[in-house]
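Below, each chain spelled out in residue letters.
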Amino acid sequence: MSHNVDVEKCLEVASNLVSEAGRLIARNNEQRQDFVCKSNDIDLVTQTDKDVEQLLMDGIRRHFPEHKFIGEEESSGAEGVKKLTDEPTWIIDPVDGTMNFVHAFPHSCISVGLKVNKVTELGLVYNPILEQRFTARRGHGAFYNGRRIHVSGQKELGKALVTSEFGTTRDEAKMKVVHENFEKMAKKAHGLRVLGSAALNMSMVALGAADANYEFGIHAWDVCAGDLIVREAGGVVIDPAGGEFDIMSRRVLAAATPELAQEISKVLTQFNPLPRDD
Amino acid sequence: MAGVSQADIEELYNFIHPLAIKAGEILMEGYEMASKNVSIKGDFYDVVTDYDNKIEDFLMEKILARYPDHKFIGEEETAKNNNVSGELTNAPTWIIDPIDGTSNFIKQIPHVCVSIGLAINKQIVVGVINNPVQKKLFTTKLGQGAFCNGKPIHVSSCESVKDANVAYEVSLLHVHSVANKHIKRIYHVGLNARRLVAYSCVVDELCMVAAGNLDAFYIEDMYPWDCAAGSLLVKEAGGVVTHPFGGPFDIMKPDLICAGTEKLRKEIEDLLRKGDQEESVGGKPVQK
């Protein structure tokens, strides 16, 4: 069965909800300055994550009661991780860059993607603290605060600015790979950036402010919106080993050009995070 | 010249404060222009250069009109006039970065700052940092605390690197010998810190440590104008600023660790030393 949806309407609804959610995040961001105790910080983050996700899901359900959801908070609920089907499915990270949010460090964002028939139709990444809004609809280009954006066009790793993350995991196998890859990139790339949010890292590639982004251990909700935004800005998103991007694999490599993507994939030491998101 | 008095500092601060606000307005003019007009790569840098120069010229002109014997150390000026100095003396010396975060400026990423520091008798006594896009004005005077938009700011109380958000910047990563050193150091800092960030706006990162939004920041190979105002801001916010191996911070060779607490700073120093003791990451031989 093929599903048809009014993507323009979906984007309008999502944009309004994301703006409202952004105001909630900004308020909580100010509030948390008053917290001193770390456990309260964590409580606040958990509550904000849930409040934002609830706001988004309730708002979407009011307009599209039959749509499905996959998200970080949703996946930690009783129903567990959801399998992606052909149904219109919203893939949401209510607060990406949680550790930044805890510290009132302004690199956290809301990430909202919509897949229909397993194809990403719209992507929204919004950092309310810095008023950075990235949007894309399939086939209609990518925009930053209303301005059309393009990837940099960089083809050479030696001249490229690469973003990635030092994850918060204490998994030794993963940390070994993280450091191996950091070492390789440090020797081959022109520069490295670490923003603390996978969605923002990818958005920087779309903006042309960075040339590539790779990460192992992300989730579908971290990258669904960013994937479309990068591609609509003229970039490529592939599996880090060089093959086709698999959103449930928890692996991603985004780049300004296919040449750069393939060069990086040849350099990277591979890591397969488990379990998959599906 | 006699020692600087609190009244002198107050006068100089009151003088520069409105000029820093005006400089921020000029920056905003260029920031908005960058979003509209530039579509060819060369044009990007023309706009940045234009506004870097415009802001610096504005500040220097106003300062010299009032204090003709003051000196300057800054990124843009190179022997433009007799008041520019390549070294820090006891004379009142303004250390200015008209636009920190030029690549962010070009791409409309709101980490851009005008940074103005004043040194007298080689000690930084006034700092004003304006991030007009984020509507944040950071201000500090020696011995008077640190403020953002008039409200007091304070560093975080984090004492352990395992709980810390650490900014680690490498400005010369593409230089091979520099990359090797930092690869080893980052391995240890990254392995132990709660999180690493690096987003290439040194002035902003210093402000984030001062405000407690980052717990620590480490960088080498920077310039005096990147660190002058911010280093005073961190100290006045209750933080520590030292050479990476614990000695005094030297504004003319501003390699630094700054942190909310001395305990945290020392832990980071120890991790850097640990990295330096190894030939390569994990102690493996360096590959040729």
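Criteria and thresholds
Residues numbered from 1 in each chain as written. Chains lettered and ligands numbered in written order. Predicted model: local features only at pLDDT ≥ 70, side-chain atom pairs only at ≥ 80, totals over all residues. Heavy atoms only, no water. UniProt positions renumbered as here; feature names shortened; annotations may be inferred. Contact = heavy atoms within 4.5 Å. Buried area = accessible area lost by both parts, 1.4 Å probe. Polar contact = N/O pair within 3.5 Å; in protein donor to acceptor, adjacent residues only side chain to side chain. Helix = DSSP H or I, 4+ residues; strand = E, 2+ residues; numbered from the N terminus. Core = buried A, V, L, I, M, F, W, Y, C linked by side-chain atoms within 4.5 Å. Buried < 20%, exposed > 50% of the residue type's maximum accessible area, 1.4 Å probe, protein only. Pairing = 2+ DSSP bridges. Axes fitted to C-alpha atoms, helices over the stretch in contact; angles between N-to-C directions. Salt bridge = Lys/Arg side-chain N within 4 Å of Asp/Glu carboxyl O.

- As annotated in an unreviewed UniProt entry, chain B is Inositol-1-monophosphatase from Drosophila melanogaster.
- If you open the UniProt record of chain B and go to Catalytic activity (unreviewed entry), you find "a myo-inositol phosphate + H2O = myo-inositol + phosphate".
- One UniProt comment on chain B, placed under Cofactor (unreviewed entry), says "Mg(2+)".

- Under an unreviewed UniProt entry, chain A has the name Inositol-1-monophosphatase and belongs to Drosophila melanogaster.
- Per its UniProt entry, chain A bears the Sequence similarities (unreviewed entry) comment "Belongs to the inositol monophosphatase superfamily."
- On record in UniProt, under Cofactor (unreviewed entry), the comment for chain A is "Mg(2+)".

### Brief notes about the interface of chain B and chain A
- With 33 residues of chain B at the interface, the matching set in chain A holds 35 residues.
- A combined buried area of about 3200 Å² lies between chain B and chain A, and 59% of that area is made up of carbon and sulfur atoms.
- The interface formed by chain B and chain A contains three residue pairs in polar contact (both at pLDDT 80 or more).
- Of all the secondary structure elements, the ones that give two or more residues to the side of chain B that touches chain A are α4 (176-192) and β9 (195-197) of chain B.

### A closer look at the UniProt feature "binding site: Mg(2+) 2" (unreviewed entry) in chain A
- UniProt marks D93(A) with the feature "binding site: Mg(2+) 2" (unreviewed entry), using the numbering shown here.
- Here D93(A) lies in strand β2 (residues 89-96).

### Concerning the nonpolar core
- Ranked by internal contacts, the top residues of the largest apolar core, which has 82 residues, are F217(B) and L256(B).
- Contacts of L256(B), omitting those with residues within four sequence positions, involve L206(B), F217(B), Y218(B), I219(B), C227(B), V241(B), T242(B), P244(B) and F249(B).
- Residues V177(A), F216(A), A255(A) and L260(A) belong to the second largest nonpolar core, which totals 46 residues.

### What about the sheet that holds strand β5 (residues 136-141) of chain B?
All names here are of chain B.
- The sheet built from seven strands is open, its strands ordered β1-β2-β3-β4-β5-β6-β7 with mixed pairing. Taken across any chain shown, the strands that pair with only one partner, and hence form the sheet edges, are β1 (71-74) and β7 (151-152).
- Pairing of strand β4 (residues 123-131) with β5, which is carried by six bridges, proceeds in the antiparallel orientation. Bridge pairing links G127 to T140 in β5.
- Against the sheet, helix α6 (residues 224-236) engages β1, β2 (93-100), β3 (113-120), β4, β5 and β6 (146-148), with an angle of about 100° to β4.

### A word on the sheet that holds strand β8 (residues 165-168) of chain B
Residue and element names in this part refer to chain B.
- Pairing within the open sheet is mixed, and its five strands lie in the order β9-β8-β10-β12-β11. Here the strands that pair on one side only, and so sit at the sheet edges, are β9 and β11 (240-242). Taking each pair of neighbouring strands and ignoring which way they run, the sheet shows an average axis angle of 15°.
- Pairing of β11 with strand β12 (residues 256-259) involves three bridges; the strand directions are antiparallel. In the strand pairing of β12, V240 is matched with A259.
- In the packing of α6 onto the sheet, contacts are made with β11 and β12, and the angle to β11 comes to roughly 140°.
- The strands that helix α7 (residues 262-276) touches are β8, β10 (216-219), β11 and β12; relative to β12, the one it contacts most, it runs at about 145°.

### Remarks on the pairing of β5(B)
Residue and element names in this part refer to chain B.
- For β5, the tally of buried residues reaches five of six residues, placing the bulk of the element in the interior.
- Hairpin connection, β4 to β5: the antiparallel pair is bridged by four residues, and K135 has positive phi, about 55°.
- Bridge count between β5 and β6: three bridges; the pairing is antiparallel. The partner of T139 across the bridge, within β6, is F147.
- Where β5 hands over to β6, the hairpin turn is made up of four residues, of which G143 adopts a positive phi near 80°.

### Let's talk about the pattern of salt bridges
Residues and elements named next belong to chain B.
- Counting across every chain of the model gives 26 salt bridges over all chains.
- For K141, the salt bridge is made with E10, and the minimal N-O distance between the two is 3.1 Å. Here K141, found in strand β5, pairs with E10, found in helix α1 (residues 6-37); they are 131 residues apart in sequence, far enough to count as distant.
- Classification of E10 as partly exposed rests on a relative accessible area of 28%.
- The salt bridge involving E159 is made with K263; its shortest N-O contact spans 3.8 Å. Of this pair, E159 sits in the loop between β7 and β8 while K263 sits in helix α7, and the two are 104 residues apart along the sequence.

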